[in-house]
Amino acid sequence: MTPSDSTPPQYDLKRLKWMDPTSAERFRRRELELSTGATDMDILDDIARLTDRLFDDLSVLGQSPEATSRGAEGDSLLEVDLSSIRARLARARDELATGYSTLRAAREKFVAEQLEVVRAATRHAPTRLHIGSGGHRLDGWVNIDAGGDDLALNVNWGLPFPDGSVAFVYAAHLLEHMRFRDQAPVLVAEILRVLEPGGTARFVVPDVGRLLEAYVSKDSGFFAARNRFYPLSEGFVADQVATLDYILLFCGADSQTMNFNHKFGYDNITLRKLLIDAGFREATESAYQRSAYPELRVDDYGYNASTTKGENEHFSLFVEASK
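Reading guide: rules and limits
Residues numbered from 1 in each chain as written. Predicted model: local features only at pLDDT ≥ 70, side-chain atom pairs only at ≥ 80, totals over all residues. Heavy atoms only, no water. Core = buried A, V, L, I, M, F, W, Y, C linked by side-chain atoms within 4.5 Å. Buried < 20%, exposed > 50% of the residue type's maximum accessible area, 1.4 Å probe, protein only. Helix = DSSP H or I, 4+ residues; strand = E, 2+ residues; numbered from the N terminus. Contact = heavy atoms within 4.5 Å. Pairing = 2+ DSSP bridges. Lys, Arg positive; Asp, Glu negative; His and termini not counted. Salt bridge = Lys/Arg side-chain N within 4 Å of Asp/Glu carboxyl O. Polar contact = N/O pair within 3.5 Å; in protein donor to acceptor, adjacent residues only side chain to side chain.

S.K.: Can you walk me through the nonpolar core in this structure?
M.R.: Across soluble globular proteins, nonpolar side chains have a tendency to be buried as a group. Formed by 38 residues in total, the largest nonpolar core has its most connected members in Ile131, Leu175 and Ile191. Secondary-structure elements contributing two or more residues to this core are helix 2 (83-122), strand 1 (128-131), strand 2 (142-145), strand 4 (166-172), helix 3 (183-194), strand 5 (195-206), helix 7 (268-278) and strand 9 (316-322). Looking at this core element by element, the count peaks at six residues for helix 3. Setting aside anything within four residues of it in sequence, one finds Ile131 in contact with Ile144, Val155, Leu159, Val169, Tyr170, Ala171, Ala172, Leu174 and Ile191. Judged by nonpolar contacts, the second largest core, of 20 residues, contains Leu211, Ala225, Tyr230 and Phe236.

So, in structure tokens, the structure goes:
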């Protein structure tokens with residue numbers, strides 16, 4: 001086992017600056033213009049933006065009771081015939097649902113074929129799952145990632161393993177990329193389901209509690225140390241401290257769909273509560289490489305889990321939960 005280097009092995013540090021918060025483009029109002037691209041993401045992005053604009057218009061012109069704070073009912077405030085538009089929306093929904101059904105059948109076959117390869121390679125049912133491997137493979141584990149590894153899988157599909165079949169699960173810097181109200185609870189419940197009685201899952205997430213403390217106390221030393229690993233654009237820094245807009249973005253105050261950006265931020269209390277509410281018998285805060293189980297002392301495999309301000313002052317939160 002080789003501990004991680006102090007620099008990320010596969011990331012461009014400039015790309016980690018996220019976005020330019022000083023851009024004047026965000027202040028310019030534009031009418032909707034569809035992209036000229038033909039990639040899957042181009043088309044999906046167009047659909048998402050169209051849906052957002054349709055909501056803006058129908059919430060007023062259609063006086064949808066679900067979309068207005070007043071709960072208005074009845075005909076449109078303007079003399080607009082919306083019946084043809086609603087019919088088109090219904091047809092578009094049906095077309096998208098048909099496409100989704102086709103993809104769902106394809107992905108079930110895709111996952112099943114991969115599982116056959118995994119079983120053949122391990123010669124037995126997997127007992128250790130590394131979820132969200134991100135290219136940091138653990139020997140002797142089934143490494144799972146949307147970008148591909150032993151098992152190319154989006155965890156929102158569920159975990160394709162039997163109940164009570166896994167002894168250990170390791171998931172580092174994954175939960176914060178999932179929506180807190182629906183995706184994260186479902187994944188945590190899936191992990192609990194596949195764990196055997198007495199099995200343990202180790203979760204590593206950014207320690208937002210520590211980040212918020214540093215912001216409130218204007219701890220420039222904390223942010224200087226953190227910037228070595230997660231460099232910020234100048235527009236995200238004031239008086240050597242990260243600005244509130246960055247803190248909120250880091251905690252998920254951004255688009256919650258069609259991206260893998262952060263969607264939530266955890267402190268010790270919030271993460272442990274999520275795990276206990278899901279049904280774990282206990283959830284205990286740990287520390288870097290301090291698991292009670294030798295099998296779970298694998299934090300040094302990943303870049304994010306290894307980042308540290310100083311000895312025993314890691315930027316990540318480590319929590320273990322037992323079934």
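S.K.: Sorry, what's going on with the pairing of strand 1 here?
M.R.: The side chains of a regular strand alternate between the sheet's two faces. The sheet contact formed by strand 1 and strand 4 spans three bridges and is parallel. The residue of strand 4 that forms the bridge with His130 is Tyr170. With three bridges joining them, strand 1 and strand 2 adopt parallel strand pairing. Among the inter-strand pairings, His130 is bridged to a residue of strand 2, identified as Asn143.

S.K.: Explanation requested: the side chain of Asp207 in the structure shown.
M.R.: For Asp207, the location among the structural elements is in the loop between strand 5 and helix 4 (208-216). At 6.6 Å, Arg210 is the nearest oppositely charged side chain to Asp207, a buried residue that forms no salt bridge. Engagement of the side chain of Asp207 in a polar contact is seen with the backbone nitrogen of Arg210, the distance being 3.2 Å. Every residue in contact with Asp207, bar those within four places of it in the chain, is listed here: Tyr266, Phe315, Ser316 and Leu317.

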